[in-house]
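Next come the chains, spelled out residue by residue.
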Amino acid sequence: MTTRTPIVLDSDPGIDDAVALQYLLGTGLWDLKAYTSAGGNLPAEATYANARALARALRIDTHVPVHRGAGRPSRLPYREASAFHGPAGLGDETLPDSTAPHPTESSAQALLRLSREYEGELTVCATGPLTNVAIALLEDPHFAHRVRKFVFMGGAAQVPGNFTPVAEFNIWADPDAAEIVLSSGIPFTMVDLDASHRWLFRPEDLAALEAAGPGTALAARLMRAYLAACSRHGGDGTCPLHDPLAVGVCGDEAFVEAADGAVVVECASELTRGQTVFVPTAARRVYYSESPALTARLRATGRVALGPGTRDFTADFVTTLPRWPATA
């Protein structure tokens, strides 16, 4: 029997965060040690409530603790995304709370503890703003070197943003946290809009989920709401699989085309707040040579998704969800 890899999912559910959790469980690749909530799509208390409800719906709340994230992002002003994800963050769904006890550890504390227990083994996947990960790093900078792999959904390396002309929402929501994380030396892979806008969920994929039986009924309702929200916000009848793709890349980078490089986050400008400036390692020229500080900053490198890979993520997403049925 193959040993499953320990993982923490740090999330701000959110419709696509919700189906990302079901997808993670359906892959069978992971030993989910904690589900840590973060403020983002909704304020922190709402995303914590949603995370607990999803853990119940997906039958993991008896053995996977759900931790409450930081009260708010480090940067203000902050604007939630309830206009897109629905007033409670899960489309039209109102899910019952878990009966599991509330852990006393915060999300950041859980990340630190698990990084020590599973040093060199732990994967962390973040699908919301990076507030919790940044807090963990500020508390203990060695966290960056205990984590085996850190994959996050966020940023836009070479394409426009989805919240401002240059910024993706998760990074815009807490740019200071993102810069702390990306400058820390943590082994990161950035799954950004360059890739997630190329793996689309379509009406025929929704029909496949609806036909898969009661175990995917919740996911189908969520994705129907997601398609409708994308259409209301200028879409073409499809929607990108942002957060599930980040989970997919944790297990197989073949879902994206990636390159090595540094990512620097703009924190000083209101106009370009949250912009992710990608400087590829393979660049044939030296950038920012006049700035010793930036030159040093560019030594913190990771992997950046620049487009779709050779493996079909949408197909994998649709076929994987039924493997972990939901009860709601």
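Residues numbered from 1 in each chain as written. Predicted model: local features only at pLDDT ≥ 70, side-chain atom pairs only at ≥ 80, totals over all residues. Heavy atoms only, no water.

Student: How would you summarise the overall build of the chain if you had to cite specific residues and measurements?
Tutor: Secondary structure assignment for the chain yields 14 helices and 11 strands. Its C-alpha radius of gyration of 18 Å places the chain within 12% of the 20 Å reference for a compact globule of 328 residues. Along the first, second and third principal axes, the C-alpha atoms of the chain reach 60 × 45 × 45 Å. Of all intrachain contacts in the chain linking residues separated by at least 6 positions in sequence, the fraction that spans at least 24 positions is 81%. When the accessible surface of the chain is summed, it comes to about 13,300 Å², and 54% of that surface belongs to carbon and sulfur atoms. The distance from the centre of the 27 positive side-chain charges to the centre of the 37 negative ones in the chain is 2 Å. (Helix = DSSP H or I, 4+ residues; strand = E, 2+ residues; numbered from the N terminus. Rg over C-alpha atoms; globule rule 2.2 N^0.38 Å. Contact = heavy atoms within 4.5 Å. Areas by Shrake-Rupley, 256 points an atom, 1.4 Å probe, with all protein chains shown as cover. Lys, Arg positive; Asp, Glu negative; His and termini not counted. Charge placed at Lys NZ, Arg CZ, Asp CG, Glu CD.)

Student: I'd love a proper account of the packing of aromatic side chains, names of residues and values included.
Tutor: Tallied over the entire structure, the rule returns 11 aromatic pairs. Ring geometry for Phe163 against Trp172: centres 4.5 Å apart, planes inclined by 50 degrees, an arrangement best described as tilted. The rings of Tyr23, Phe201, Phe255, Phe313 and Phe317 are connected pair by pair, giving a single aromatic cluster. Between Arg273 and the ring centre of Trp172, over which it is positioned, the NZ or CZ distance is 3.9 Å. (Phe/Tyr/Trp six-rings, centres within 6.5 Å; stacked < 30°, edge-to-face > 60°. Lys NZ or Arg CZ within 6 Å of the ring centre and 35° of its normal.)

Student: I'd like to hear about the pairing of strand E9 (residues 256–265), residue by residue, with values.
Tutor: Of all 10 residues making up E9, 7 are buried, and the element is well covered by its neighbours. Across 7 bridges, the pairing between E9 and strand E11 (residues 301–308) is antiparallel. Its bridge partner being in E11, Gly261 is matched across the sheet by Gly302. Here 5 bridges tie E9 to strand E10 (residues 276–280), and the two strands are oriented antiparallel to one another. Its bridge partner being in E10, Val263 is matched across the sheet by Phe278. (Buried < 20%, exposed > 50% of the residue type's maximum accessible area, 1.4 Å probe, protein only. Pairing = 2+ DSSP bridges.)

Student: Explain the packing of helix H1 (residues 15–27) against helix H14 (residues 313–320) to me, and be specific about the residues and the numbers.
Tutor: The contact between H1 and H14 brings their axes to 9 Å, and the two run at 80 degrees. Classified by the angle between their axes, H1 and H14 sit roughly perpendicular to one another. Contacts between H1 and H14 pair Val19, Tyr23, Gly26 and Thr27 from the former with Phe313, Asp316, Phe317 and Thr320 from the latter. Split by residue class, the contact of H1 with H14 holds 4 nonpolar, 3 polar and 1 charged. (Axes fitted to C-alpha atoms, helices over the stretch in contact; angles between N-to-C directions. Parallel < 35°, antiparallel > 145°, perpendicular 65-115°, else oblique. Nonpolar A, V, L, I, M, F, W, Y, C, P; charged D, E, K, R; others polar.)

These results come straight from atomic positions and should not be treated as a statement about function.
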